[in-house]
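The residues making up each chain are set out below.
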Amino acid sequence: MSLRDKIRGQIFSAENRKTKSEIITFYGAEIEVRQPLVAQIVDGDAEEGRAGIVDSLLKYAYVPHTEEKVFDAADVDALMTMPFSRDFGRFAETFQKLTNIDIKGAEGNSEETT
């Protein structure tokens, strides 16, 4: 088994695909709050049918110390149906830091190029 296969096996494991939930009191009534899926978080933010964060994972996530990409186009659906967790947030923060892109600022200024 290649390092890439081990990485992918860990990421797409059944344990990582489980969504979390909590029951809270909301205006005196108990409700269950469920962890959203990536597709639900990025709904409407698509590039060629792929959400921005998933597209970035496809293009910029590599097996460490190699030129081999972790994900490919066949992984889009699997990534989109994963729970949106701090791991996706950590990837987005790291990508933002490495590219010096202000994601929040760029959303309002999509025509700006520098």
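All figures in this text were calculated on a predicted structure; none of them were measured in a lab.

(A) Examining the overall build of the chain more closely. Along the backbone of the chain there are six helices and four strands. Seen in sequence order, the chain has helices and strands lined up from the N terminus as α-β-β-α-β-β-α-α-α-α. Each of the 114 residues in the chain was classed as buried or not, and the buried ones make up 24%. At a minimum sequence separation of 6, the contacts of the chain that also span at least 24 residues come to 54%. Here the chain displays about 8600 Å² of accessible surface, and carbon together with sulfur accounts for 50% of that area.

(B) Fine view of helix α5 (residues 86–99). The end-to-end C-alpha separation of α5 is 20 Å, in line with the 20 Å expected for 14 residues at 1.5 Å each. A positive backbone phi angle near 55° is found at asparagine 100, which sits one or two residues after α5.

(C) A look at the packing of aromatic side chains. Counted according to the given criterion, the structure contains five aromatic pairs. Here the aromatic rings of phenylalanine 12 and phenylalanine 71 are separated by 5.8 Å at their centres, their planes lie at 70°, and the arrangement is edge-to-face. Taken as a pair, phenylalanine 12 in the loop between α1 (3–11) and β1 (21–26) and phenylalanine 71 in the loop between α3 (52–60) and α4 (76–80) lie far apart in primary sequence, 59 residues in all. Of the two residues, phenylalanine 12 and phenylalanine 71, both sit in the buried class. Where phenylalanine 26 meets tyrosine 27, the ring centres are 5.0 Å apart and the plane angle is 85°; that geometry is what we call edge-to-face. For phenylalanine 26, a relative accessible area of 45% corresponds to the partly exposed category. The structure contains a cluster of three or more aromatic residues connected by ring pairs, namely Tyr60, Phe91 and Phe95.

Criteria and cut-off values
- Residues numbered from 1 in each chain as written.
- Predicted model: local features only at pLDDT ≥ 70, side-chain atom pairs only at ≥ 80, totals over all residues.
- Heavy atoms only, no water.
- Helix = DSSP H or I, 4+ residues; strand = E, 2+ residues; numbered from the N terminus.
- Buried < 20%, exposed > 50% of the residue type's maximum accessible area, 1.4 Å probe, protein only.
- Contact = heavy atoms within 4.5 Å.
- Areas by Shrake-Rupley, 256 points an atom, 1.4 Å probe, with all protein chains shown as cover.
- Expected span 1.5 Å × (residues − 1).
- Phe/Tyr/Trp six-rings, centres within 6.5 Å; stacked < 30°, edge-to-face > 60°.

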